[in-house]
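For reference, the chains in residue letters:
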Amino acid sequence: MRPFAYSRPNDVASALALASREAGGRFLGGGTNLVDLMKMGVEHPGHLIDICRLPLTGIEERADGIRIGAMARNSEVAAHALVMQRLPLLSQALLSGASPQIRNMATVGGNLLQRTRCFYFYDASYKECNKRAPGSGCAAIHGYNRIHAILGASDHCIATHPSDMAVALVALEARIVVKGAQRERTIPISAFYRLPGDTPAIENDLKPGELITAVDVPAPPAQSGSHYLKVRDRNSFAFALVSVAAVVDMGDDHRIRGARIALGGVAHRPWRIPAAEEALRGREAAEPAFREAAEILVAGSKPYRYNGFKVELARRSVMRALLAASEGG
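Residues numbered from 1 in each chain as written. Predicted model: local features only at pLDDT ≥ 70, side-chain atom pairs only at ≥ 80, totals over all residues. Heavy atoms only, no water.

*Asks:* Tell me about the sheet that holds strand 2 (residues 25-28), and please be specific about residues and values.
*Replies:* Spatially, the three strands line up as an open sheet ordered 1-3-2, and their pairing is parallel. Two strands close off the open sheet at either side, each with one partner strand: strand 1 (5-7) and strand 2. Recorded for the sheet is a direction-independent mean angle of 25° between the axes of neighbouring strands. Relative to strand 3 (residues 47-50), strand 1 is paired through three bridges, and the arrangement is parallel. Counterpart to Ala5 in the pairing with strand 3 is His47. The sheet strands contacting helix 1 (residues 12-21) are strand 1, strand 2 and strand 3, and the helix crosses strand 3 at an angle near 170°. (Pairing = 2+ DSSP bridges. Helix = DSSP H or I, 4+ residues; strand = E, 2+ residues; numbered from the N terminus. Axes fitted to C-alpha atoms, helices over the stretch in contact; angles between N-to-C directions. Contact = heavy atoms within 4.5 Å.)

This is how it looks when you write it as structure tokens:
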């Protein structure tokens, strides 16, 4: 057990002030990921700043969509009437993740920031992990890489991002509101997550001491359908091998006016390729169009020894999700 300091501020300003003073400080929400990583010897924060008392739990409708507080629990968001009515894709994604007990604890901000479930990252006995120890190598490349990335990876890291919620939010074009000691800023979720490149330990665009305070989600077109599909080894409490969040705006002539597609379980961040969506515009909602979009999404795939099956699984999952979304979800 490593010693650490613990603070529980009552307001955002106090939390940010603590974070700015403590170089080794970490914000603690539900603790469903960070505490595990501390137990495993992966994370070693010198100061935990418990933000559970911060007034960031609201879910409210705004002129441009819905704002969800960063401390709202996953179960509360999934069951909220406004979310179920206006953002069913988000509700589906949240309910597909983890277990009821974990969803009752996990927060929206923490969900966005959860770290990869790569075996070699989680097990500190493996010395080769560029996320834990930059420059040490990536044990997964030549190891058991069944759950790892087929898109956007690098020679330094082939881990995937584990969040279901983040995949849905990418398809919904959400914006993440973050606050630091000096200013507040809004980051499109498409620009929030980073590919591994040669710095896989840097996973997102948050600056030191910044805190996620809310997520703004624009309402999709009124006539659109959506669907979240998650393919996994078992039907509960398992991370995605492949997941798809699809939003399809249908015209009266059964042609697609617009679409958004995000893939999970295949890359270091939720994977979205605008060209795949553009290929659907004006097309009949049928297999030829869906197949073309799927091919564009998986173009450039680089499977490893144990995860080659993910390429075809991703193709078929995209087609199935688009069909369901085009039929209303």
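So that's the structure; there's more coming.
*Asks:* Can you break down the sheet that holds strand 11 (residues 256-264) residue by residue, with the values?
*Replies:* By way of backbone hydrogen bonds, the strands of a sheet pair with one another, either parallel or antiparallel. Spatially, three strands are ordered 9-10-11 in an open sheet, and the strand pairing comes out antiparallel. Sheet topology places strand 9 (224-231) and strand 11 at the edges, where each strand pairs with a single neighbour. The average undirected angle you get between the axes of adjacent strands in this sheet is 10°. Those strands touched by helix 13 (residues 309-326) are strand 9, strand 10 (242-250) and strand 11, and its axis lies near 30° from that of strand 10.

*Asks:* Help me get a handle on the state of the cysteines, residues and values and all.
*Replies:* Tallied over the full model, the rule gives zero disulfides. You can see Cys118 has no disulfide; the closest cysteine sulfur is in Cys129, sitting 6.1 Å from it. Residue class for Cys129 comes out buried when judged on its relative accessible area of 6%. (Disulfide = S-S within 2.5 Å. Buried < 20%, exposed > 50% of the residue type's maximum accessible area, 1.4 Å probe, protein only.)

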